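# Understanding the architecture of this molecule
Here's the letter readout for the chains.
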Amino acid sequence: MKITICGKGGCGKSTITSLLAKALARRGKEVLVIDSDESNYGLHRQLGMDHPGDFTGYFGGKENVLNDMMLSKFTHQFFQETWTLKDIPEKYYSLKDGVKLMVSGKIHQANEGCSCAMGTVMTQFIQSLRLSENQFALKQIQKL
């Protein structure tokens, strides 16, 4: 099952996501938490994990992803086949107590540029992700 937790900054997305992820894992479910909130740096801490590598790095980083998107007039497909939780490269997730954490990428400084590359990669990833009955993907994203 795929679940999106969204809201404005400071509304409790990270708290709800981490509590839900831990509760599902305690019930024996495989849980993937997808942090698509490019400006929040606290979710990995609430889960008690190290910050994994930004998943946009799998495609060469934010700049390369954005370039690919612009060259294709924003129609570039990064995923040609379906993915499962086992297909995620170890470099791009942290794991603790049955919860796997992925991070799309983060804005690290002012005027860094568009975050649409990170959002596009994660949206396409979730569309290509196939889960079994015992697996959950929780996507956290900020909405303005």
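Bear in mind that the values here come from a model prediction, so they are computed numbers and not experimental data.

Turning our eyes to something else, we now look at the packing of aromatic side chains. Taken as a whole, this structure holds 14 aromatic pairs when the rule is applied. Relative to Trp 83, the ring of Tyr 58 has its centre 5.6 Å away and its plane inclined at 85°; by these criteria the two rings are edge-to-face. With Tyr 58 in the loop between helix 2 (43-46) and helix 3 (62-71) and Trp 83 in the loop between helix 3 and strand 3 (94-96), this residue pair connects regions lying 25 residues apart in the sequence. Consider the rings of Phe 79 and Phe 125, whose centres lie 5.8 Å apart with planes at 55°: the pair is tilted. Of this pair, Phe 79 sits in the loop between helix 3 and strand 3 while Phe 125 sits in helix 4 (residues 116-128); the two residues are 46 residues apart in sequence, bridging distant segments of the chain. With respect to burial, Phe 79 and Phe 125 carry one shared label: buried. Here the aromatic cluster, defined as three or more aromatic residues joined through ring pairs, consists of Phe 55, Tyr 58, Phe 59, Phe 78, Phe 79, Trp 83, Tyr 92 and Phe 125. The residue whose ring lies beneath Lys 100 is Tyr 93, and the NZ or CZ to ring-centre distance is 4.2 Å.

Each turn of an α-helix holds 3.6 residues, which means side chains three or four residues apart point in the same direction. If you check helix 4, its first and last C-alpha atoms are 18 Å apart, about what 13 residues at 1.5 Å a residue would give, namely 18 Å. Residues of helix 4 that are buried: Ala 117, Met 118, Val 121, Met 122, Gln 124, Phe 125, Ile 126 and Ser 128. Packed against the buried residues of helix 4 are strand 1 (2-7), strand 2 (30-35), helix 3, strand 4 (99-103) and strand 5 (135-142).

Where like charges cluster on the molecular surface, the positive patch consists of Lys 22, Arg 26, Arg 27 and Lys 96. Mapped onto the fold, Arg 27 is located in the loop between helix 1 (13-26) and strand 2.

Moving on to the sheet that holds strand 1. Sheets are built from strands that pair by backbone hydrogen bonding, the pairs being arranged parallel or antiparallel. Here five strands make up an open sheet; going across it, the order is 1-5-2-4-3 and the pairing mixed. In this open sheet, the two edge strands, each paired with only one partner strand, are strand 1 and strand 3. Across this sheet, the average inter-strand angle for adjacent strands is 20°, counted without regard to direction. Two strands pair when backbone bridges link them, and strand 1 and strand 5 are joined in this way by six bridges, in the parallel orientation. Following the sheet pairing, Gly 7 is matched in strand 5 by Gln 142.

Attention shifts here to the environment of Thr 17. The residue Thr 17 is located in helix 1 in this model. Residues Thr 17 and Asp 35, spaced 18 residues apart in sequence, show a C-alpha to C-alpha distance of 9.5 Å. A polar contact of 2.7 Å, which involves the side chain of Thr 17, links it to the backbone oxygen of Lys 13.

Considering the arrangement of structural elements, one finds Gln 140 in strand 5. Take Gln 140: its relative accessible area is 0%, and that puts it in the buried class. Only 3.2 Å separates the side chain of Gln 140 from the side chain of Ser 14, close enough to count as a polar contact.

Moving on, we get to the pairing of strand 5. Of all the eight residues making up strand 5, seven are buried; the element is thus mostly covered by neighbouring parts of the structure. Here strand 2 runs beside strand 5; their pairing, made up of six bridges, is parallel. The residue bridging Leu 32 from the neighbouring strand is Ala 137, located in strand 5.

Following both chains from N to C, one finds helix 3 and helix 4 inclined at 80°, their axes separated by 9 Å at the closest point. In terms of orientation, helix 3 lies roughly perpendicular with respect to helix 4. Contacts between helix 3 and helix 4 pair Lys 62, Val 65, Leu 66 and Met 69 from the former with Cys 116, Ala 117, Met 118, Thr 120 and Val 121 from the latter. Of the residues contributing to the contact of helix 3 with helix 4, the split by class is seven nonpolar, one polar and one charged.

Quick notes on the rules
- Residues numbered from 1 in each chain as written.
- Predicted model: local features only at pLDDT ≥ 70, side-chain atom pairs only at ≥ 80, totals over all residues.
- Heavy atoms only, no water.
- Phe/Tyr/Trp six-rings, centres within 6.5 Å; stacked < 30°, edge-to-face > 60°.
- Helix = DSSP H or I, 4+ residues; strand = E, 2+ residues; numbered from the N terminus.
- Buried < 20%, exposed > 50% of the residue type's maximum accessible area, 1.4 Å probe, protein only.
- Lys NZ or Arg CZ within 6 Å of the ring centre and 35° of its normal.
- Expected span 1.5 Å × (residues − 1).
- Contact = heavy atoms within 4.5 Å.
- Patch = residues over 30% accessible without salt bridge, like charges linked within 9 Å, V, L, I, M, F, W, Y side chains within 5 Å.
- Areas by Shrake-Rupley, 256 points an atom, 1.4 Å probe, with all protein chains shown as cover.
- Salt bridge = Lys/Arg side-chain N within 4 Å of Asp/Glu carboxyl O.
- Lys, Arg positive; Asp, Glu negative; His and termini not counted.
- Charge placed at Lys NZ, Arg CZ, Asp CG, Glu CD.
- Pairing = 2+ DSSP bridges.
- Axes fitted to C-alpha atoms, helices over the stretch in contact; angles between N-to-C directions.
- Polar contact = N/O pair within 3.5 Å; in protein donor to acceptor, adjacent residues only side chain to side chain.
- Parallel < 35°, antiparallel > 145°, perpendicular 65-115°, else oblique.
- Nonpolar A, V, L, I, M, F, W, Y, C, P; charged D, E, K, R; others polar.

Honestly, that's just the spatial picture; any functional story needs more than this.
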